[in-house]
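Chain and residue survey
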Amino acid sequence: MSGDGTNDELFELLARVGKALGNGTRLRLIELLAQGPRGVIELAEAAGLNLTTASAHLQTLKRAGLVATSRSGTTIRYRLADTDVMALFGQLRHVAASHLADFETVARRHLGPDDTEHIGREELLHRASAGDVVVLDVRPPHEYAVGHIPGAISIPLDELPARLDELPTDTDIVAYCRSSYCVFSHDAVRILTAAGRRAVRLSDGVLEWRQSGQPLLASAA
């Protein structure tokens, strides 16, 4: 009988993680933290939350062991507890895409029409090493500063229309953002192609890039 009790305890601990993941806002925070550590104010702004709500969700994730904290002066910075949290998030998304009939419909509504070309990670690495593409990071500046694909330049999506002249006209552009379900890169390619540029998007994003073990380069904010 004691074995049954222990088993129940273990399942309750598993359920604690499951409950922490069972909220769309907390999953959004996990994707944001996959871009790199940041403070609660930055996270609240990026997720469109007030400070109290963001703090409460982060504490739930922390109690489940999914995020950790460190102090920088008076600022508490949050980070994913380990890379296995990214893997768990990625697997959750894969299961949802494979088994929920309406997942792709909702994803397509979010991403817009299937009107942008894309390339995979290996092709990007090959073409970047050959120097025949410009790699464009269209995430917010803070996320670029924390960690970006080596060699990528930063032009946030909302600044792209006004900064097109910073990009060469005779070289293919590969845009990327947070993850494979991040709309920024799709919109960036639409803006670029409408302006007559040759542009594709990376089918993955920073989350999948980190999961694959590829390096990210940090820079000054």
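Described in the following lines is the structure provided in the data block. Fair warning: this is a prediction, and the values are worked out from it, not measured in the lab.

**Considerations on the packing of aromatic side chains**
Within this structure, the stated rule accounts for one aromatic pair. Considering the side-chain rings of Phe103 and Tyr181, the 5.5 Å spacing of their centres and the 90 degrees angle between planes classify their relative orientation as edge-to-face. Placement of Phe103 in helix α6 (residues 103-111) and of Tyr181 in the loop between β7 (172-176) and α9 (183-194) is noted, with a sequence separation of 78 residues between them. Given the relative accessible area of 24%, Tyr181 is considered partly exposed.

**Considerations on the nonpolar core**
Generally speaking, soluble globular proteins have nonpolar side chains that are buried together. Counting 24 residues, the largest nonpolar core has Ile30 and Leu80 as the members making the most contacts within it. Secondary structure elements with two or more residues in this core: α1 (2-21), α2 (24-33), α3 (40-47), α4 (51-63), β3 (75-80) and α5 (83-99). For this core, the leading source of residues is α2, giving five residues.

**Some details on the pairing of strand β8 (residues 199-202)**
When strand β4 (residues 118-119) meets β8, the two strands line up parallel, connected through two bridges. Bridge pairing links Ile119 to Leu202 in β8. Here β7 pairs with β8 via three bridges, running parallel. Paired with Ala175 across the bridge in β8 is Arg201. Between the parallel pair β7 and β8, the chain is carried across by α9, and the sense of this crossover is right-handed.

**As for the sheet that holds strand β2 (residues 67-72)**
Within the open sheet, the three strands sit side by side as β1-β3-β2. Their pairing is antiparallel. Where the open sheet ends on each side, the last strands, each with one partner, are β1 (38-39) and β2. Relative to β3, β1 is paired through two bridges, and the arrangement is antiparallel. From the neighbouring strand, Gly39 faces β3, where its bridge partner is Arg77.

Parameters at a glance
Residues numbered from 1 in each chain as written. Predicted model: local features only at pLDDT ≥ 70, side-chain atom pairs only at ≥ 80, totals over all residues. Heavy atoms only, no water. Phe/Tyr/Trp six-rings, centres within 6.5 Å; stacked < 30°, edge-to-face > 60°. Helix = DSSP H or I, 4+ residues; strand = E, 2+ residues; numbered from the N terminus. Buried < 20%, exposed > 50% of the residue type's maximum accessible area, 1.4 Å probe, protein only. Core = buried A, V, L, I, M, F, W, Y, C linked by side-chain atoms within 4.5 Å. Pairing = 2+ DSSP bridges. Right-handed = clockwise from strand over helix to strand, strands pointing away.

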